[in-house]
Amino acid sequence: MSEPPTKTSIETPIETSVETLYRGDFLALYRDGRWEYVGRVNARGAAFVLALTPNHEIVLVEQYRVPLQANCIELPAGIVGDAAGGADESAAVAAMRELEEEAGYTGDRAELLLRGPSSPGMSSEMIDLYLVRDARRVGPGGGAPEEGEDITVHVVPLAETHGFLQAQSAAGKRIEPRIYAGLWFAEHLPDRQSVR
């Protein structure tokens, strides 16, 4: 997003003046009245991946997150449109790219499960959660070292995921809550035999 978002309303549009307080290489800080929030620069959101293997496992990643000053367990994810030449990249293509880059996995296609705000009180960013069924390993994963990524891949049986996450939390790691949204989908999709 290169400009502050515009407001739309089904009822009456709200007239406001959005001020750019700071613009960096990746984020911008905006003020709208008394409200301050961030938006991404030169990107259109983020794509998260619920990758499930044929062996009924979920693919998770772990990486150090500077804002948290801690390691975080997450679904594979990344920014839409930030890859070189990716200005027109779709969220589905970004999801598959990030799954392979971060986790070393791929699949035949990415199915959109939901779209929504990442942190509506603090950010204008929208995120897409994709399902990749029958994910298969095609590479080492580990992220992009040139971008400072050092990612550990965890492939966890679905039946053991809650215990795994509790143990990681007890060890001081942060657990990204979108994992639980992914687990809900894994348990409630109509075609449950292929994801459980």
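Treat the numbers as computed from the prediction; the structure is a model and nothing was measured.

Caption draft 1: Summary view of the overall build of the protein. Scanning the protein from N- to C-terminus turns up three helices and 13 strands. Each of the 196 residues in the protein was classed as buried or not, and the buried ones make up 44%. Taking the intrachain contacts of the protein between residues at least 6 apart in sequence as the baseline, contacts between residues at least 24 apart amount to 61%. With an accessible surface of roughly 11,000 Å², the protein has 53% of that area assigned to carbon and sulfur atoms.

Caption draft 2: Representation of the pattern of salt bridges in the model. Taken as a whole, this structure holds twelve salt bridges when the rule is applied. Between K173 and E62 there is a salt bridge whose closest N-O contact spans 3.2 Å. Of this pair, K173 sits in the loop between α2 (161-170) and β13 (174-175) while E62 sits in strand β5 (residues 57-65), and the two are 111 residues apart along the sequence. Via salt bridges that share partners, E19, R31 and E36 belong to a single interconnected network.

Caption draft 3: Region of interest: the nonpolar core. Judged by nonpolar contacts, the single largest core of 25 residues is most densely connected at L50, I58, L60, L165 and I179. For this core, the secondary-structure elements that each account for two or more residues are β4 (46-51), β5, β7 (77-79), β10 (126-132), α2 and α3 (178-188). Among the elements that line this core, the one with the most residues is α3, at four residues. Of all hydrophobic cores here, the second largest spans 18 residues; its members include A47, V59, V61 and A135.

Caption draft 4: The pairing of β5, seen in detail. Of all nine residues making up β5, seven are buried, and the element is well covered by its neighbours. When β5 meets strand β12 (residues 152-157), the two strands line up antiparallel, connected through six bridges. If you follow V59 over to β12, its bridge partner there is V155. Joining the antiparallel neighbours β5 and strand β6 (residues 70-74) is a turn of four residues, in which Q69 adopts a positive phi near 55°.

Caption draft 5: Focus on the environment of L113. Examined against the element boundaries, L113 turns out to sit in strand β9 (residues 111-117). Aside from chain neighbours lying at most four places away, what touches L113 is L50, L129, Y130, L131, F185 and L189.

Caption draft 6: Structural detail: the sheet that holds strand β1 (residues 18-23). Strand order in the open sheet made by the three strands is β1-β2-β3, with antiparallel pairing throughout. On the outer flanks of this sheet lie β1 and β3 (35-40), each paired with one strand and no other. Strand-to-strand twist across the sheet, computed as the mean angle between neighbouring axes with direction ignored, equals 30°. By the bridge criterion, five bridges tie β1 to strand β2 (residues 27-32) in an arrangement that is antiparallel. Paired with V18 across the strands is D32, a residue of β2.

Caption draft 7: Looking closely at α2. Taken residue by residue, α2 has T161, F164, L165 and Q168 as its buried positions. The arc enclosing the buried residues of α2, seen along the axis, measures out at 95°, which places them on a common side. With respect to the buried face of α2, the exposed residues turned more than 90 degrees away are Q166 and A170. Contact partners of the buried residues in α2: β5, β6, β12, β13 and α3. Backbone geometry just after α2 places G172 at a positive phi near 95°.

Here is what the cut-offs are and how they apply
- Residues numbered from 1 in each chain as written.
- Predicted model: local features only at pLDDT ≥ 70, side-chain atom pairs only at ≥ 80, totals over all residues.
- Heavy atoms only, no water.
- Helix = DSSP H or I, 4+ residues; strand = E, 2+ residues; numbered from the N terminus.
- Buried < 20%, exposed > 50% of the residue type's maximum accessible area, 1.4 Å probe, protein only.
- Contact = heavy atoms within 4.5 Å.
- Areas by Shrake-Rupley, 256 points an atom, 1.4 Å probe, with all protein chains shown as cover.
- Salt bridge = Lys/Arg side-chain N within 4 Å of Asp/Glu carboxyl O.
- Core = buried A, V, L, I, M, F, W, Y, C linked by side-chain atoms within 4.5 Å.
- Pairing = 2+ DSSP bridges.
- Axes fitted to C-alpha atoms, helices over the stretch in contact; angles between N-to-C directions.
- Arc of directions from axis to C-beta.

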